[in-house]
Amino acid sequence: MFEEYSMAELTDILFMQGFAGLILFSVLVLMALGLAIIFGQMGVINMAHGEFMILGAYTTYLTSHIFETYLPALFDGYFFVAMALAFLVCFALGVLVEWGMIRFLFKRPLDTLLATWGLSLILQQLYRTVFGAREVGVTLPEWMMGSYAMTETIEVPINGIFVMVLTLFIASGVYFLMFRSLWGKQVRAVVQNRPMAGAVGIDTGKVDRYTFGIGCGIAGIAGSAFTMIGSTGPTSGQLYIVDTFLVVVFGGAQSLIGTIASAFTISQSQSTLEFFLSGSMAKVITLLIVVGILMLRPQGLFALKIRQ
Amino acid sequence: MRQRSNIRFMSRQEVLGYVLLAVILLAIIPLSLDVFRLNLIGKYLTYAFVALGLVLCWGYGGILSLGQGVFFGLGGYCMAMFLKLEASDPESTKIQSTPGIPDFMDWNQITELPWWWEPFRQLPFALSAIVLLPTLFAFIIGVAMFKLRVGGVYFAIITQAIAAIMTILIIGQQGYTGGVNGITDLRTLLGWDIRSDSAKVILYYVCSAALFICLLLSQFIRYKKLGRILVAMRDREDRVRFSGYDVANFKIFVFCLSAMFSAIGGAMFTLQVGFMSPSFVGIVPSIEMVIYCAVGGRLSLLGAVYGTLLVNWAKTIFSETFPELWLFAMGALFIAVVMAFPNGLASLFKRYIEPKLPAWYSGKTAGLGASIMRTDSSKETVGKEALEEKNRVVSKPISKPETVGTMAPSSDEKLEGGVYVD
Amino acid sequence: MSTKHEDFVLAVEGLTVSFDGFKAVNDLSFYVDEGEIRVIIGPNGAGKTTVLDLICGRTQATSGSIKFRGEELTRMKEHQIVHHGVGRKFQNPSIYDDLSVFENLEISYPRGRSVFGSLMFKRDREVIEEVENIAEIIFLQNDLDKPAGLLSHGQKQWLEIGMLLIQKPDLLMLDEPVAGMSVAERKKTAELLNRITQGRSVIVIEHDMQFVEDIAHRVTVMHQGKVLSEGSMERVKNDPKVIEVYLGH
């Protein structure tokens, strides 16, 4: 399938596809970071994670509308406000969900999976009732539109670069939160030995609640980023959820580096394959490869070997 | 205490339960509903096969598969391929550019029947493929996963990914699979018009009978030691392993069995509804099938049937009157069943209805049931018998696996936390 | 000792396992004789439980060999090791709470262990007699129909020992069999062990020194994944190295 392209063309294609992959990578990483934090900490698979992302996207959409209508002068900067709001809204809902539902299902991961699926259905219908079934898109501020020409044949869109920088920023933020802060120390203590963490005075319930909230909040930011590269509908979140799960599991549930590396692998292979095959076959092959590798190495790429 | 040496295939309650279900399915429903509604119930019953498989696999084995739609779909597609080929004879497809191949292939500029469609011209092949193909697929997944000890949430996620892959594949390869519309316009089975009213009634009975066979097979498994090993495995996998069992093989077996049930359900679906499409394969339908099982009670074989009927009936009512409310109701159902009624209708029945039923139901009086129960205890003395009677009441829950599951999480916690001193 | 290699029931040689560089068991060797009761003691984290995990196949060894009656165990799966006659009791009582005592024992009965075997398994007189026989040994003859989850902690420990006995293992491995037991229960358990160890070899991990003195033929002291000292209880007790790391405090 390579014969028809010259070497230079091939490099450019790979580069452009690679860049397209990077945007997908950014959304996947943001989605997966939240999910990985929750899964690593509580062993809970949050099936409503995609809906939290969409909540962030709708928040961004509303914010853009409000700025457009009431504060057109500040429109250039609305996106940063929207991101903060998206985080807060999702964080609040996440804390509420943990308090009202997840904490009762402690140690029942499969049941939690079903319950959060129920939550995702409710949220989807809620979005449909409030925002309508049609997909909505946001207007980007002037400075984010257009693209930057690197060479004659290679052009990269500015919003893509923005999303990537944002991802980098959030990922390092999460890293510092988890590995350099007292809070992170508490979280890791709870992960490693819950009863002991409780015994030394860590309020494990509170740690769970905020962890869940932060995971959902990051999904909200992912939703903000998502509005820049796609339009938002009530069920858009569902399209990403399987990929995100695979990213988390593939990376090894408790490793941040693993999450990022596996998001990179999955998004890159998918977008590269996409150019040569049809989009659906690219996805099938990517997923098959991931599932295949997971069958061989179920603990994921970056799991620690620990003493049972 | 000899009772334990004489574990029975069915308890008195279970016999009555099966009889009641048989009366409802084979007499009350067919006599009281018109053909359209009967066909609808028949369609619901095809999902009950999946729910039944999930009771064994998830309720007993503790393996939650979120990809049962894959097997339902494979079974359904195998049936649909046979029916489609029968409907695509050169005579009735003569307006196509290539007569004699299914219409959707013609639309996709395919000029020759793919080789793997060819054997589906034979009914015996198609029928065996319905049963064997999904089972084989489950076997491959099972070997790969269980031999490497993948379980729990990981298994659920991977089966879900497989459901996603399968849907994308079917939709993407529309020239070979009919794409998003699926395989439609199925008419006859060996010349017999399956769309006629009489055929629908007959197929309803065939479906019910097949469901009963699967139910009894499940009952048999539960009654044998295999059923108890599944329960044991769910609770203490390591202990089972160190009692000398190859745990993976048991998981593979029960997963394959549940796949086979689902596939039979899928084939019955195709026959009764007249088409098969990827909308029964993917993530959403697969997880919806889990809720049928959960509503009925994940440990109750009969509950799976009632749960399926109830949820689908509610779905139909809702979608006819308030379609926008259905997802709210469904979502709430998922949450409620997990949080408030983890053992579903079966546990509600046990708690609220069973105690109110007359004594003959449970067979506690010295009636026929009781004397059958004690056939091999004839040598025991009368005094000891009285003691046994008492013991039997005390130990009643354990002879009824439905209730047994309920006590697992809480009592386990309490006992371990309270008594353990070290 | 002039015994040849094959005379040992269990020969562990050069056994090492490392978890991400940390060697929980490091070049460990020891031998268990036919009919011997061997007690492994050592401070927490010495690798005692890991040794049992390695023998019964729960953990894969990084290097070294474990020979049971001359057969290499390190390459076998857990259930195959059980079939060869090694039984293992866990530290926390590991029984099936949802099944009755009878069913707990029945599942451990060594017949019909394949999928189809278990489908064809019949609860015949032989099984019932054996279960009742074992139940009597483990003091549970009156609780056969009770759900195992309702037993007391001590009774659960006994039940698990019973589940091993019914497998008729040649080598029995017990991880802290008296942990969490009352004094009376400890005494009863010591009796029980002395009775059931007739004709088989036993490896016990225990912290209770009185209990160890009661049952041990020989004692192996482990420290940081290695054998620190080995011999009779008397000898081990007076070994200055042992006193320093373990018995002293």
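Residues numbered from 1 in each chain as written. Chains lettered and ligands numbered in written order. Predicted model: local features only at pLDDT ≥ 70, side-chain atom pairs only at ≥ 80, totals over all residues.

Naming follows an unreviewed UniProt entry, where chain C appears as ABC transporter domain-containing protein of Methylotuvimicrobium alcaliphilum.

Under an unreviewed UniProt entry, chain A has the name Urea ABC transporter permease subunit UrtB and belongs to Methylotuvimicrobium buryatense. The UniProt entry for chain A carries the following text under Subcellular location (unreviewed entry): "Cell inner membrane". As stated in UniProt under Sequence similarities (unreviewed entry), the record for chain A gives "Belongs to the binding-protein-dependent transport system permease family. LivHM subfamily." (UniProt positions renumbered as here; feature names shortened; annotations may be inferred.)

A few words now on the overall build of chain A. A tally of helices and strands in chain A yields 11 helices and two strands. A compact globule built from 308 residues would reach a C-alpha radius of gyration of about 19 Å, and chain A, at 20 Å, matches this within 12%. Principal-axis analysis of the C-alpha atoms gives chain A an extent of 65 × 55 × 35 Å. Expressed as a percentage of its 308 residues, the buried residues of chain A come to 48%. Restricting the contact set of chain A to residue pairs at least 6 apart, pairs at least 24 apart contribute 77%. (Helix = DSSP H or I, 4+ residues; strand = E, 2+ residues; numbered from the N terminus. Rg over C-alpha atoms; globule rule 2.2 N^0.38 Å. Buried ≥ 20, exposed ≤ 12 C-beta atoms within 10 Å, placed from the backbone. Contact = placed C-beta atoms within 7 Å.)

A word on the interface of chain A and chain B. Every contact between the two is made by 33 residues of chain A and, on the other side, 37 residues of chain B. In terms of residues, the side of chain A that touches chain B owes the most to one element, helix 4 (residues 109–131) of chain A, which gives 14 residues. Each residue belonging to the side of chain A that touches chain B can be placed in one class, and the counts come to 25 nonpolar, six polar and two charged. (Nonpolar A, V, L, I, M, F, W, Y, C, P; charged D, E, K, R; others polar.)

All names here are of chain B. Residue position: Gly296 is located in helix 12 (residues 283–296). Judged by the 31 C-beta atoms lying within 10 Å of it, Gly296 is buried. The spacing of Gly296 and Trp115 is 181 residues in sequence and 42 Å in space, taken between C-alpha atoms. Gly296 has contacts with Ala51, Gly303, Ala304, Val305, Tyr306, Gly307, Thr308, Gly344, Leu345 and Ala346, leaving out every residue within four places of it along the chain.

Take the sheet that holds strand 9 (residues 218–223) of chain C next. Residues and elements named next belong to chain C. Read across the open sheet, the six strands follow the order 6-7-8-3-9-10; overall the sheet is mixed. Only two strands of the sheet have a single partner each, and these edge strands are strand 6 (86–89) and strand 10 (226–231). In this sheet, neighbouring strand axes are inclined to one another by 15 degrees on average, regardless of whether the strands run parallel or antiparallel. When strand 9 meets strand 10, the two strands line up antiparallel, connected through five bridges. (Pairing = 2+ DSSP bridges. Axes fitted to C-alpha atoms, helices over the stretch in contact; angles between N-to-C directions.)

Taken from the UniProt record, the annotation "transmembrane region" (unreviewed entry) applies to residues 20–40, 52–71, 77–97, 109–127, 158–178, 210–229, 241–263 and 275–296 of chain A. Segment residues 275–296 of chain A splits into 91% helix and 0% strand. End C-alpha atoms: 28 Å apart.

Residue and element names in this part refer to chain C. Burial of strand 3 (residues 37–41) is extensive: five of the five residues sit out of reach of the surface. Burial along strand 3 is two-sided: Ile37, Val39 and Ile41 and Arg38 and Ile40, pointing in opposite directions, are all buried. Two strands pair when backbone bridges link them, and strand 3 and strand 8 (residues 201–205) are joined in this way by four bridges, in the parallel orientation. Counterpart to Arg38 in the pairing with strand 8 is Ile203.

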